[in-house]
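Structural description and commentary
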Amino acid sequence: MLFNSYEYLLLFLPTTAAIFFLLNRFVSTTVAKLWLVAASLAFYSWWGLAYLPLIIISILVNYGVGTALGSSYLAPFSRKAVLAAGLAFNIVLLGYFKYANFVVDNTNSLAGTSFHLDRIVLPLAISFFTFQKIAYLIDSYHRKTVGYNFLSYALFVTFFPQLIAGPIVHHREIVPQFSDPKAALLHVGNIATGLCILSIGLFKKVMIADTFAGYVSTGFDTEGALQCVDAWAASLSYSFQLYFDFSGYTDMAIGSALIFNIRLPINFNSPYQATDIQDFWRRWHITLSRFLRDYVYIPLGGNRSGELSTYLNLFLTFLVGGLWHGASWMFVIWGGMHGVAIVCHRVWSRYGGQMPAALAWFVTFSFVNLTWIFFRAKDLNSAKRVLASMINVLDGSLLKMFDIQQRHATLLIGLGFVIVLFAKTTVEFCTEARNLERTSVVSGAALAISLIAMSFVTAGVSEFLYFNF
Amino acid sequence: MSQISLFLKSAVLTTVLVPLLWVLSLGRYERAEHWLSDVYFAKLYRAAHITEPKTIIVSGSNSLFGFDSKTLEDKIGRPVVNLAGHAGLSLDFHIKMAEKFAKPGDLIVMPLELSYYAARPDLTAWQVANMSSWGAKYMDWSPGILLNFFRNSSFTSILTRTLIRRIPGDAESKVLATVDANTAIGALDWHGYSYKSMNSRGDILLKWAPPMAIADQPYTYGFTSDFAIQRLQSLQANLIEHGAMLRLTWPATMRNRLFDLSREKDQSIVQSIKDRLTVAGLSIICDPQTFQFERQFFLETNMHINAEAAERRMEALGVCMSDSG
């Protein structure tokens, strides 16, 4: 079920919340939690029942392994073996569904073999919930999950606001909330703030991201010659589309969860205001960066083994981050570019390099915008085509950016810059105590406008971009 | 609780306001072919002021351009008013024009562009933009049509129409005086897409125009849609009920390597349309080859013929209209 669908907004979310609080009030919190798990599994199965067994088996296996790791009955060696088996289970599952075709295709083209593997459909959300479970197992090994019961664990994995595309929540910040008796009580303030965040997120997706999508397709999904102005419009539009799409999704997840008194971590903090690449990764998809830091970079050795080793670890972490997004060399290139940039930034900082803030912002944004081309393009030739057209300023088309055919795109991109550079984040906007009345009015209007726009034939319901990962 | 109450009030108010804003913005400016507004005003003015039985021409621009109503009047002996407009307009728009002005004894001649026989009920963005701006005054806005157009709109268009000035246009007296003056001249010089290039019968009959898009075109692959057939059947029944008659005929086309009616292949494509219409009880008169012209007779697009070709077209149309009664 898509967050930006009438089924979710007008039926699923209000019904699930109403029954949850009624069960809490009149039956028991355990039954209410069971209801939430069932509703979440129904939410997951909306696209099809095929992968429902997969997520259920995965929950059972990981909870079993986690419980075993947390117990005091296993010898140290056995605990390591159980942890390795548990990690292998998750990695093999993810590897099979996400990377098997990629490996076979590349093996065939490199070694001239002709192995055949039917196209495997990626189960929804597997990249996200696999990361959560890996974190859970490692922390169970370190005995940081003692006392979790099965229901809380199942709810942590399946809780529908974060199930499909994050934020990649850590059990430590979610499971205790489910056990808090206050979470069982209907909290008007949380509902109001949740509705506000949800509505602004929906607006970002329906009214902003989907509007940019048209200009992105013009540049990336067409063949033939591309004018310089169209290439720039496509490239910048994608930077904005991805941001508003993904941060809109995250807002909707945070808002939905807050209605149930659950606080999800923020995932975006005005990333396009970043003045260096490290700053960018502290603001963009924060929960992924956090996971990669804690469960890839630090286990690789982090910065503990000298400068060169740190550079290598940073680079490898970003390669993993790139590959996590999908089984494609384009994501590897994208991750590699960010890895190199992070290393360069570290070297630059180490030797005291500085530049004016405006220039630093410009360099950072330009680099991020450039790398999104590789992230979005279907292959290297397509990326080269867009890049070559962007460089081809001598075609004179940039001078036509305010002509009648281009004016709309130019103004929209200008508006995009104004919002990403000067607007508050959604959470800041909706929690500003001084202006609660104003935020209620604005977010109510945002919800209504988005619901109306969703009824437009030309708009339709479009999936969130991060559903593909 | 007051926060949630404010939130809900704001949402409900916006839900009411946005569609209301859209309805109020109908007829205001949007990027569209606004020149058609004055063109239709002059055409409809004439259609409304002819009292005796008349012939009404209805189609896209293949008959707005390259059609000589005066010559046809002389041949068939009854007044002609040319209501042809633009091939981007919906089939329903043309049908409504025909139904609105048909009176007992009238003959409706429709040299529809071949693409109309494959028409679908869906609205195009072009149609929405044009009908929501200049075309609003020519539409019969039933709640169903309003909802359909609203659902095919966008917020950009609502904002544009709400914020931007009303459609600029010339005074009605000036439009009528200009087309009357043009009637006395005959074939005109190019004054752009404007009533200034048109005569009072509704023809844009030009000697010359700057070429813009005279590219090869297949015009049709022979596909006919159930929707188009049903709408034309309904029009025919409606006209008969009101004592008028419908005559479908062929549009002007350009002979090119993708569509050449001297070739058997293209003849059979056209024949397939004719067969489908015949089965549906809709006859189409004349030989389509007599309305196909060489490239040099076309003005600025591959749809619009010049005055010289228009005379040949009227000759052929006059003959087959007489033959078909």
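Residues numbered from 1 in each chain as written. Chains lettered and ligands numbered in written order. Predicted model: local features only at pLDDT ≥ 70, side-chain atom pairs only at ≥ 80, totals over all residues. Heavy atoms only, no water.

**Some thoughts on the overall build of chain A**
- Looking only at helices and strands, chain A has 19 helices and zero strands in total.
- By the compact-globule yardstick of 23 Å for 469 residues, chain A fits well, its C-alpha radius of gyration being 23 Å.
- By principal-axis analysis of the C-alpha atoms, chain A measures approximately 70 × 55 × 50 Å.
- Taking all 469 residues of chain A together, the buried fraction comes to 55%.
- Considering only contacts within chain A whose residues lie at least 6 apart along the sequence, 76% involve residues at least 24 apart.
- Between the mean site of the 30 positive side-chain charges and the mean site of the 23 negative ones, chain A shows a separation of 9 Å. (Helix = DSSP H or I, 4+ residues; strand = E, 2+ residues; numbered from the N terminus. Rg over C-alpha atoms; globule rule 2.2 N^0.38 Å. Buried < 20%, exposed > 50% of the residue type's maximum accessible area, 1.4 Å probe, protein only. Contact = heavy atoms within 4.5 Å. Lys, Arg positive; Asp, Glu negative; His and termini not counted. Charge placed at Lys NZ, Arg CZ, Asp CG, Glu CD.)

**Considerations on the state of the cysteines**
- Under the defined criterion, the tally for this structure stands at two disulfides over all chains.
- The disulfide bridge from Cys196 of chain A ends at Cys430 of chain A, spanning 2.1 Å between sulfur atoms. Handedness of the Cys196 of chain A-Cys430 of chain A disulfide follows from its S-S torsion of about -75 degrees: it is left-handed. In this pair, Cys196 of chain A sits in helix H9 (residues 188-220) while Cys430 of chain A sits in helix H18 (residues 426-431), placing the two residues 234 residues apart along the sequence.
- For Cys430 of chain A, a relative accessible area of 1% corresponds to the buried category.
- The residue that forms a disulfide with Cys286 of chain B is Cys320 of chain B, at a sulfur-sulfur distance of 1.7 Å. Placement of the pair is Cys286 of chain B in the loop between strand S6 (284-285) and strand S7 (292-293) and Cys320 of chain B in helix H11 (residues 307-324), with a sequence separation of 34 residues. (Disulfide = S-S within 2.5 Å.)

**A look at the nonpolar core**
- Counting 244 residues, the largest nonpolar core has Phe260, Tyr272 and Trp372 of chain A together with Leu248 of chain B as its most contacted members.
- Here this core gets 17 residues from one element, more than from any other, and that element is helix H10 (residues 228-259) of chain A.
- Filtering out sequence-adjacent residues up to four positions away, Leu248 of chain B remains in contact with Met110, Leu112, Tyr117, Leu232, Leu277, Leu282, Ser283, Ile284 and Ile285 of chain B. (Core = buried A, V, L, I, M, F, W, Y, C linked by side-chain atoms within 4.5 Å.)

**Some points on the sheet that holds strand S4 (residues 245-249) of chain B**
- A sheet is described by the order of its strands in space; here five strands give the open sequence S2-S1-S3-S4-S6 (chain B), paired in parallel fashion. Two strands lie at the open edges of the sheet, namely strand S2 (80-82) and S6 of chain B, each paired on one side alone. (Pairing = 2+ DSSP bridges.)

**Considerations on the side chain of Thr439 of chain A**
Residue and element names in this part refer to chain A.
- Note that Thr439 resides in helix H19 (residues 436-455).
- On the basis of relative accessible area, Thr439 is assigned to the buried category, the value being 1%.
- Polar contacts involving the side chain of Thr439 include one to the main-chain carbonyl oxygen of Leu436, which spans 2.8 Å.
- With residues near it in sequence (within four places) discarded, Thr439 still touches Cys196, Phe429 and Cys430. (Polar contact = N/O pair within 3.5 Å; in protein donor to acceptor, adjacent residues only side chain to side chain.)

**Focus: the pairing of strand S3 (residues 107-110) of chain B**
Residues and elements named next belong to chain B.
- Across the two faces of S3 the burial is the same, with Leu107 and Val109 and Ile108 and Met110 all buried.
- Bridge count for strand S1 (residues 55-57) against S3 is three bridges, and the pairing is parallel. Opposite Ile56, over in S3, you have Ile108 as the bridge partner.
- Direction of pairing for S3 relative to S4: parallel, over a ladder of four bridges. Across the sheet, residue Leu107 finds its bridge partner in S4, namely Met245.

**Looking at the pairing of S4 of chain B**
Residue and element names in this part refer to chain B.
- Across the five residues of S4, four count as buried, placing the element largely inside the fold.
- Summarising the sheet, S4 and S6 pair through two bridges and their orientation is parallel. Within S6, the position partnered with Leu248 by the bridge is Ile284.

**Quick notes on helix H1 (residues 2-25) of chain B**
- Here H1 of chain B spans 33 Å end to end across 24 residues, near enough to the 34 Å set by a 1.5 Å rise per residue.
- Along H1 of chain B, the residues that are buried comprise Gln3, Ile4, Phe7, Ser10, Ala11, Thr14, Val18, Trp22 and Ser25 of chain B.
- Of the surrounding secondary structure, the elements contacted by the buried residues of H1 of chain B are H9 and H19 of chain A together with helix H5 (125-132), helix H6 (143-151) and helix H7 (155-163) of chain B.
- Remark: Gly27 of chain B follows H1 of chain B within two positions and exhibits a positive phi of approximately 90 degrees. (Expected span 1.5 Å × (residues − 1).)

**Overview of the interface of chain A and chain B**
- Listed per partner, the contact involves 25 residues of chain A and 20 residues of chain B.
- The interface formed by chain A and chain B contains zero salt bridges.
- For the interface between chain A and chain B, the tally reads four residue pairs in polar contact (both at pLDDT 80 or more).
- Only H9 and H19 of chain A provide two or more residues apiece to the side of chain A that touches chain B.
- Top contributing element to the side of chain A that touches chain B by residue count: H19 of chain A, with 13 residues.
- Partitioning the side of chain A that touches chain B into residue classes produces 17 nonpolar, seven polar and one charged. (Salt bridge = Lys/Arg side-chain N within 4 Å of Asp/Glu carboxyl O. Nonpolar A, V, L, I, M, F, W, Y, C, P; charged D, E, K, R; others polar.)

**Some words on the pattern of salt bridges**
- One pass over the structure, following the stated rule, counts 27 salt bridges over all chains.
- A salt bridge links Arg46 of chain B to Glu73 of chain B, with the nearest nitrogen and oxygen atoms 2.9 Å apart. Here Glu73 of chain B lies in helix H3 (residues 69-76) and Arg46 of chain B lies in helix H2 (residues 35-49), a separation of 27 residues in the sequence.
- Between Asp266 of chain B and Lys265 of chain B there is a salt bridge, with the nearest N and O atoms lying 3.7 Å from each other.
- By relative accessible area, which is 1% here, Asp266 of chain B ends up buried.
- Within the structure, one salt-bridge network assembled from shared partners comprises Lys205, Asp210 and Asp245 of chain A.

**What about the packing of aromatic side chains?**
All names here are of chain A.
- Overall, the coordinates contain 72 aromatic pairs over all chains when judged by the stated rule.
- Taking 5.9 Å as the distance between ring centres and 55 degrees as the angle between the ring planes, the aromatic pair formed by Phe159 and Phe160 counts as tilted.
- A relative accessible area of 1% means that Phe159 is categorised as buried.
- Exposure remark for Phe160: the relative accessible area of 0% places this residue in the buried category.
- Ring centres of Phe280 and Trp284 lie 5.6 Å apart, and the angle between their planes is 20 degrees; this geometry places the pair in the stacked category.
- Overall, the relative accessible area of 0% leaves Phe280 in the buried class.
- Against the face of Trp324 rests Lys98, its NZ or CZ located 5.3 Å from the ring centre. (Phe/Tyr/Trp six-rings, centres within 6.5 Å; stacked < 30°, edge-to-face > 60°. Lys NZ or Arg CZ within 6 Å of the ring centre and 35° of its normal.)

**Some points on the packing of helix H2 (residues 29-45) of chain A against helix H6 (residues 150-158) of chain A**
Residues and elements named next belong to chain A.
- The contact between H2 and H6 brings their axes to 9 Å, and the two run at 35 degrees. Regarding H2 and H6, the two cross each other, and that crossing is left-handed. Where H2 abuts H6, its residues Thr30, Lys33, Leu34, Leu36, Val37, Ser40 and Leu41 lie against Leu151, Ser152, Ala154, Leu155 and Thr158.
- For the contact of H2 with H6, a count of residues per class yields seven nonpolar, four polar and one charged. (Axes fitted to C-alpha atoms, helices over the stretch in contact; angles between N-to-C directions. Left-handed = near helix turned anticlockwise from the far one by under 90°.)

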